[in-house]
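# Summary of the model geometry
Take a look at the letters that make up each chain.
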Amino acid sequence: MKYMLIMRSTDEAIEASKNIPFEQVIEAMGKYNEDLIKAGVLLAGEGLAGPEEGFVVDFTADPPLVTDGPYGETTELFGGFWILEVASKEEAAEWAKRVPLGPGSKIEVRRVHGNEDFPQDNEWIQKEIQWRDEAEARNS
């Protein structure tokens, strides 16, 4: 089963993290990532640039409205993610609890759907399977 671990932080947590030496943060995350790799569960993981480099597409309007960051009031910001392949929801939770974050930060854990979760006789699901197979063959 695949799970996505989504790092979320409040503005206060982001400010507090500025008091921790950057090298210490990198080392803690590096050790965590190394543990994921050694366990054979890490499929992907990336940190995200700050909101000042991002934008939001709001579908309330037609056409959708694009607004550059930083955004207005935020209660939580996404800071990065990991995608793990694990045996169970419980194993995903155990890995999530080990992420080296402090107060004001959260890890949201969501199962990633696979093609097997959808009707196999659907034309678009069949195309998706074919596209993934072709991409995997190109990357091999």
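Before reading further, recall that the structure is shown in the block above.
Since we're looking at a predicted model, the values are computed, not measured.

### What about the pattern of salt bridges?
What the rule picks out here adds up to 11 salt bridges. Put simply, Lys18 and Glu15 hold a salt bridge, and the shortest N to O gap is 2.8 Å. For Glu15, a relative accessible area of 46% gives the class partly exposed. Among the salt bridges present, the one from Glu108 reaches Arg110, with a minimum N-O distance of 3.0 Å.

### Concerning the nonpolar core
If you look at the biggest cluster of nonpolar residues, it comprises 14 residues, and the most contacted ones within it are Leu5, Tyr32, Leu36, Trp82, Leu84, Val86 and Trp95. Contributions of two or more residues to this core are made by β1 (2-9), α2 (22-39), β5 (77-85) and α3 (89-97). Excluding residues within four positions of it along the chain, Leu5 makes contact with Tyr32, Gly80, Phe81, Trp82, Leu84, Trp95, Ala96, Val99, Ile107, Glu108 and Val109.

Cut-offs used in this document
Residues numbered from 1 in each chain as written. Predicted model: local features only at pLDDT ≥ 70, side-chain atom pairs only at ≥ 80, totals over all residues. Heavy atoms only, no water. Salt bridge = Lys/Arg side-chain N within 4 Å of Asp/Glu carboxyl O. Buried < 20%, exposed > 50% of the residue type's maximum accessible area, 1.4 Å probe, protein only. Core = buried A, V, L, I, M, F, W, Y, C linked by side-chain atoms within 4.5 Å. Helix = DSSP H or I, 4+ residues; strand = E, 2+ residues; numbered from the N terminus. Contact = heavy atoms within 4.5 Å.

That's the geometry; what it means functionally is another story.
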